[in-house]
Amino acid sequence: MKRREFFKKAAVTAGAAALGTTAAEAGTTHQPIDNRKISDVAFPEKRPLITYSDRPPLLETPREVFTCALTPNDQFFVRWHMPDIPTYIDPDKFTISVNGMVNKALKISLKELKEDYEQVEVAAVLQCGGNSRSAFSPTAGGIQWGNGAMGCALWKGVRLRDILDRAGVKKGAEWLAVRGSEKAAYYETPDFIRELHLDELDDHVIIAYQMNGEDLPYLNGFPVRLVIPGVYSDSWIKMIDNITVSDKYEKLFFMDHAYVVPDNECECETPEKKFPKTKPIYRMNVKSVIGYPTNGDKLTLKSQAVVRGVAFDGGAGIKTVKISLDGGKTWEDAILDSGKLGRYAYRTFRYSFKPKKLGKLEIMAKAINKLGEEQPLAKDIKWNHGGYKYNGIDVVTVEVV
Amino acid sequence: MKKIVLTTLIALTPMMAQVKEKIEVPYVAFPIKMGKGFDVVQANCLMCHSFGYIINQGRQSKAFWRGKVDKMIVHFKAPISEQDAKIITDYLFEHYGNGKEK
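Quantities reported herein were computed from a predicted structural model and do not represent experimental measurements.

Cut-offs used in this document
- Residues numbered from 1 in each chain as written.
- Chains lettered and ligands numbered in written order.
- Predicted model: local features only at pLDDT ≥ 70, side-chain atom pairs only at ≥ 80, totals over all residues.
- Heavy atoms only, no water.
- Buried < 20%, exposed > 50% of the residue type's maximum accessible area, 1.4 Å probe, protein only.
- Helix = DSSP H or I, 4+ residues; strand = E, 2+ residues; numbered from the N terminus.
- Pairing = 2+ DSSP bridges.
- Expected span 1.5 Å × (residues − 1).
- Contact = heavy atoms within 4.5 Å.
- Buried area = accessible area lost by both parts, 1.4 Å probe.
- Salt bridge = Lys/Arg side-chain N within 4 Å of Asp/Glu carboxyl O.
- Polar contact = N/O pair within 3.5 Å; in protein donor to acceptor, adjacent residues only side chain to side chain.

Peer 1: I'd like a description of the pairing of strand E24 (residues 347–353) of chain A, backed by residues and values.
Peer 2: Residues and elements named next belong to chain A. Burial analysis of E24 places five of its seven residues in the buried class, which makes it a mostly covered element. Note: strand E20 (residues 305–312) against E24, seven bridges, orientation antiparallel. Opposite Val307, over in E24, you have Tyr351 as the bridge partner. Both strand E23 (residues 335–336) and E24 contribute to a ladder of two bridges, which runs antiparallel. Each bridged residue has a counterpart across the sheet, and for Leu336 the counterpart in E24 is Phe349.

Peer 1: Let's hear about helix H5 (residues 82–96) of chain B: which residues, and what values?
Peer 2: With 15 residues, H5(B) extends 20 Å between its outermost C-alpha atoms, agreeing within 8% with the 21 Å of an ideal straight helix rising 1.5 Å per residue. Contact partners of the buried residues in H5(B): helix H2 (38–45), helix H3 (52–55) and helix H4 (62–74) of chain B.

Peer 1: Break down unusual backbone geometry for me, with residues and values.
Peer 2: Residues and elements named next belong to chain A. For the bond running from Arg55 to Pro56, omega is -10°, close enough to zero to count as cis. With respect to the helices and strands, Pro56 occurs in the loop between strand E2 (50–54) and strand E3 (57–60). In this chain, Phe222 is followed by Pro223 through a cis amide linkage whose omega measures 0°. By the secondary structure assignment, Pro223 is in the loop between strand E13 (214–215) and strand E14 (225–227). Unlike most non-glycine residues, Glu267 shows phi in positive territory, near 50°. Given a relative accessible area of 6%, Glu267 falls into the buried group.

Peer 1: Which residues make up the interface of chain B and chain A, and what values do they have?
Peer 2: In many reports, interface size means the accessible area that the parts give up when they come together. With 38 residues of chain B at the interface, the matching set in chain A holds 42 residues. On the chain B side of the contact with chain A, B:Met15, B:Ile23 and B:Tyr53 bury the most area, a combined 20% of that side's loss. Taken together, the connections running from chain B to chain A amount to zero salt bridges. Summed over the shared surface of chain B and chain A, the result is 18 residue pairs in polar contact (both at pLDDT 80 or more). Mapped by element, the contributors of at least two residues to the side of chain B that touches chain A are helix H1 (2–12), H3 and H4 of chain B. Here the side of chain B that touches chain A gets three residues from one element, more than from any other, and that element is H4(B).

Peer 1: Please give an account of the environment of B:Ile55 that cites residues and values.
Peer 2: Relative to the assigned elements, B:Ile55 resides in helix H3. Ignoring any residue separated from it by four or fewer positions in sequence, one finds B:Ile55 in contact with B:Phe30, B:Pro31, B:Ile32 and B:Tyr96.

Next up, the structure:
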């Protein structure tokens, strides 16, 4: 299948991941691990977060942050792939090169980016494809993220399309290779590049230099990163320094080998039998996470409690979020925020109730998008080798005292 | 006249950045297990990534760990000899294994 076609197909089948066949030896899924401690080490421009690695830095946002529509920059998750990240970039000297099949090669300074192009903003969720990977059993290879490899920010920058128009794309060009400036330890290691098809570019795909009204933190890609709303974060190249326009697609490790799911209807396979054909992860499926209360919190009997959280999908938009307090037997609608941040952003939800019984209480949240796709129960999610695209109904267990 | 002066001023002002000097990414000591082959793990793996990458993969089969070592050689071009690859795999499986060959 041509890449362009499966991008389209991915958009259609996303969210239908839970449908499919079961096999006797199938892997299983459950609630992701949720008891990781916040580190006592603070990384540059960050508060202390859940820390999986310092080199390259891998930081997870704690659950309680997911009550806000916009994730604060200093609590926004971090994921790099190479050990050497530039630790200083002079904003006066930094340029993005645009070259290849263009009429006029460009070297765009930050000043030009901010002054010579139309400035646009988009609020969008950035989520690692492996977010919640710790839900998969047997353990899927990769960092065992809980629910916090995600965040939502208001991104400001310039449309990638406008930059390409300025350069003038030559006839026959089809692909864009967008390169980040992180470097490997060995010269031979391939650079971190994302190939984008020109058809993928819409008005929402931007090169962003601002995040929630501030410079991007270094660890989130200062000074500029790619923003592709609705799409998993491996595509959102950080610290972009080069864009090459081409008529050829170059096979890439991260896109064609690492961040992939089985290319079948259920995007699933068994631990024993890997599905031979794969496709890159692309559009995000519908998901919600409860930010308050968190596991182990105490609620007071008969006192009004308000459950809060965030819901999002790949851009269709959230229709409802439902809450269950009886193990999924009955569901009630939560109240959604106005949605003014747009269809790519978090919708915050809230649901108030009076705990009526002492002891343990399970609170479940399920989001449904405007296409009618809804989150499956954790146990109904099908296993895949990479532990990608988990979107099970979130469950938080509290104690009523 | 006033307008021209202003424009010149803006043009000369350097871009303001939140961070004006080199950032320092802190070192985190991950509780890696000691044992046979650790020196080889240290010499080969630490070039590219912290021990956090090892201990945060979960318990895995021998084939999984061998696959990870091969990935480093094939895709990331790490110059790991076959002899070292075996030692690293054995170390990983012994300390971070799930007891299964496959």
